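The lines below spell out each chain.
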Amino acid sequence: MRLTRTLEERLVALYRQTKVVGGLFRSLGQEADAVGSAYALERRDILSPLIRNLGAMLVKGATPVEILKQYMARGDSPTRGRELNIHFGDTERGFIGQISPLGDMVCVMAGVTLTFKIRHEDRVGLVYVGEGATSTGAFHEGINFAAVQRCPLVVIIENNGYAYSTPVSKQTAAKQFVDKAIGYGIPGEQADGNDILAVYDATKRAVDRARRGDGVSLIELMTYRRKGHAEHDNQSYVPAGEIDRWERENDPITRYVARLTGEFEFTAADIDAVDERVRREVDDATDIAERSGPPDALDALLGVYADPPAAEPLWFREGSMGAVEVHERPEGWGTFNSSGESH
Amino acid sequence: MAEITYLEAIREALFEEMERDVNVMCLGEDIGAYGGAFKVTEGLLDKFGENRVIDSPISEIAIVGAAAGAAHMGMRPVVEMQFIDFMANAYDMLTNYVATARYRAFLPCPMVVRGPSGGYVRGGPFHSQNPEAGFIHTPGLKVVYPSTADDAKGLMKAAIRDDDCVLFFEHKYLYRRIKAEMPNGDHVVPIGKARIAREGRDLSIITYAATVWKALEAADQLEKEDGLSLQILDLRSLAPLDDDAIQATVRKTNRVLIVHEDTRTGGLAGEITARINERSFAWLDAPVLRVTAHDVPLPYAPALEDYVLPQTADIVRAARTLAAY
């Protein structure tokens, strides 16, 4: 959780220096739901994160250097500058990158876990959606398909109160999102998303069910988005005092530190040592990431397909030679023959 | 060897590929016990079992998305759209997710989305469409649309073996109306290569799918009545297009008619015309003309459908106009 927050704080600094090329998405106040749930998986399992699950990716082995390079659109970033923010994956390390249309990854992870089932592999999948994505057709079709096929899949709804500016009251008429499990015939559980141990326990129960062959589970994690949809968002739609209250009373890191020192005999020095290690790691990562350059422009044409491996540069682009420039003409073009016909 | 229909040729390709590679699986609505709405997948469940022939809920988004997820994990799913019209439901998944997977995430996505397409069958607005143009426009997808039984088999095998997503359009009017003898052995037709369906000198028709047969009828009539020699190019692959074959036929006959069953505006004929203009303008003796469907949804009544869709008589008339230009 500390690494997630410190890394995002570093990204804010880089964003203000205009080194982050696009938007910046924070998970401030939601770090526990991403980190606690990802820890419930084994190394061989696969998860698909959403925009506020940087913590889950870090648990799965994504590195701060990769995150920083990706945000800064560097040529040696995980997607070589093709995709934004935390949109990347690595099936070897066990995470598959999301796309922007919401709910789609539920369908994709249904297929990933269907494969685990068909091949009798002892592996489980975990997919995150925000509460807003439950309104999409893809969410519904994906979770229903996975439920019918009894895929080893855990679906986590992170209920952070807002989808961009839309509050829960305008997203659903259901009393709580976990009730949707009933309609799919699968177990549902709601947990305190800002209590990392509760998140871990709830996810672990669902992961164990999936691993036993008991199919899909739905978990609703109650949390709160303390920053806007992205850094540009001034959160004018949030009632006064709401953000402060969550920060003061329900910060997942503060709560976890209190438990570590209160119940588990960690000292303040132990906690400081973690914080210091994280700070050094992020400093070093920033130095490394800033040394990388932008991608070579021609790389944009590679790898749309396996075959053909590259798209052709268009003729009007400087340095390209195209059909029109070459002036292909039939033989005898522009001359008249004896009968006066042109060709 | 006995002749088999276009539909049987597709089924034979599915059988052979599933036997060859255990990673090939089928996914779709009513494809298992029932054998599919048109019976293309009949017998597959008995032979390969329900782990490899999966009856899905009515969820085009989910089956395309799940196929992509399975493809990332090393499977080669073949998804059936019960009617190709319903591919519109999965448009987001195909264009935003599947088409970009390799480029943005280096994720392999070898899968086929296949289904009955096209009109001339009194199917009405939602069982007759030719939605290929929207997908040809999307980098990352390949699109094939065979007109003969042997190409249907050979292209299906190529599509299943391709390392990217191939949309495989099957013309339902041709399913049981045409037959061919299958070539011996492992018959694979390469994606991206057109086929000359008829050699000729005076005028080229560039077309694909069911209108190949209408063009052939028109060519016979024009040869008999007008003494015209028509060359017919069957594109077979719509993405990637066989640009060299297109330019070659233009440069041979100098007059070109493009025929497709899809509607006119934004249809593939416009793209082909642009390519001819760019590369072979100097060889043209006449403007490139198009015979296409009218820009309306496809109606049900025979009198209406026949009016909207291109007919052999339309092709004859357009070809005469071109020849006289």
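So, here's what we can say about the structure. Counting restarts for each chain: residues are numbered from 1 in the order of the written sequence. Chains and ligands are labelled sequentially in the order written, the chains with letters from A and the ligands with numbers from 1. Reporting in this predicted model follows two pLDDT cut-offs: at least 70 for local features of residues, and 80 or more for side-chain atom pairs to be given and counted; totals over whole chains, interfaces and linings ignore these cut-offs and use all residues.

A look at the pairing of strand 6 (residues 188–192) of chain A
Residues and elements named next belong to chain A. Counted only if it meets this: Only strands that DSSP links by at least two bridges are regarded as paired with each other. Strands are runs of DSSP state E lasting at least 2 residues, helices are runs of H or I lasting at least 4, and numbering of each runs from the N terminus. Looking down the strands as they point away from the viewer, one classifies a crossover as right-handed if the path from the first strand across the helix to the second runs clockwise.
Across 5 bridges, the pairing between strand 6 and strand 7 (residues 217–222) is parallel. Residue pairing for strand 7: G188 is matched across the bridge by L218. For the crossover from strand 6 across helix 8 (residues 196–212) to strand 7, the handedness is right-handed.

Quick look at the packing of helix 1 (residues 2–16) of chain A against helix 11 (residues 268–291) of chain A
All names here are of chain A. Stated precisely, the cut-off is as follows: Whenever a helix is involved, its axis is fitted only over the stretch in contact; in every case the axis is a line through C-alpha atoms, and angles between N-to-C directions fall within 0 to 180 degrees. Note that the term roughly parallel is reserved for angles under 35 degrees, roughly antiparallel for angles over 145, roughly perpendicular for angles of 65 to 115, and oblique for everything else. Crossings are sorted by hand: turned counterclockwise from the far helix by less than a right angle, the near helix makes the crossing left-handed, and turned clockwise it makes it right-handed. Contact between two residues is assigned when their C-beta atoms, built from the backbone, lie within 7 Å. In the scheme used here, Gly and all other residues not listed as nonpolar or charged are polar, with Ala, Val, Leu, Ile, Met, Phe, Trp, Tyr, Cys and Pro taken as nonpolar and Asp, Glu, Lys and Arg as charged.
Where helix 1 meets helix 11, the axes come as close as 10 Å, and the angle between the chain directions of the two elements is 40 degrees. By the angle between their axes, helix 1 is oblique relative to helix 11. The handedness of the crossing between helix 1 and helix 11 comes out as right-handed. Residues R2, L3, T6, L7 and R10 of helix 1 form the contact with helix 11, whose participating residues are V274, D275, V278, R279, V282 and T286. Here the residues of the contact of helix 1 with helix 11 are counted per class, giving 5 nonpolar, 2 polar and 4 charged.

Quick look at the sheet that holds strand 2 (residues 125–130) of chain A
Residues and elements named next belong to chain A. Reading across from one edge, 1-2-3-7-6 is the order of the 5 strands in this open sheet, with parallel pairing throughout. The open sheet terminates on both sides in strands that have one partner only, identified here as strand 1 (46–48) and strand 6. Along the sheet, successive strands turn relative to each other by an average axial angle of 20 degrees, direction set aside. Against the sheet, helix 8 makes contact with strand 3 (153–159), strand 6 and strand 7, and its axis sits at roughly 170 degrees relative to strand 7, the strand it touches most.

Overview of the sheet that holds strand 7 (residues 166–171) of chain B
Residues and elements named next belong to chain B. Pairing is mixed in the open sheet, where 7 strands are placed in the order 3-2-4-5-7-6-12. Of all strands in the sheet, those with a lone pairing partner are strand 3 (53–55) and strand 12 (237–239), marking the two edges. Put simply, the sheet's adjacent strands are angled 20 degrees from each other on average, direction ignored. As paired strands, strand 6 (residues 142–144) and strand 7 are joined by 3 bridges and run parallel to one another. The residue of strand 7 that forms the bridge with V143 is L167.

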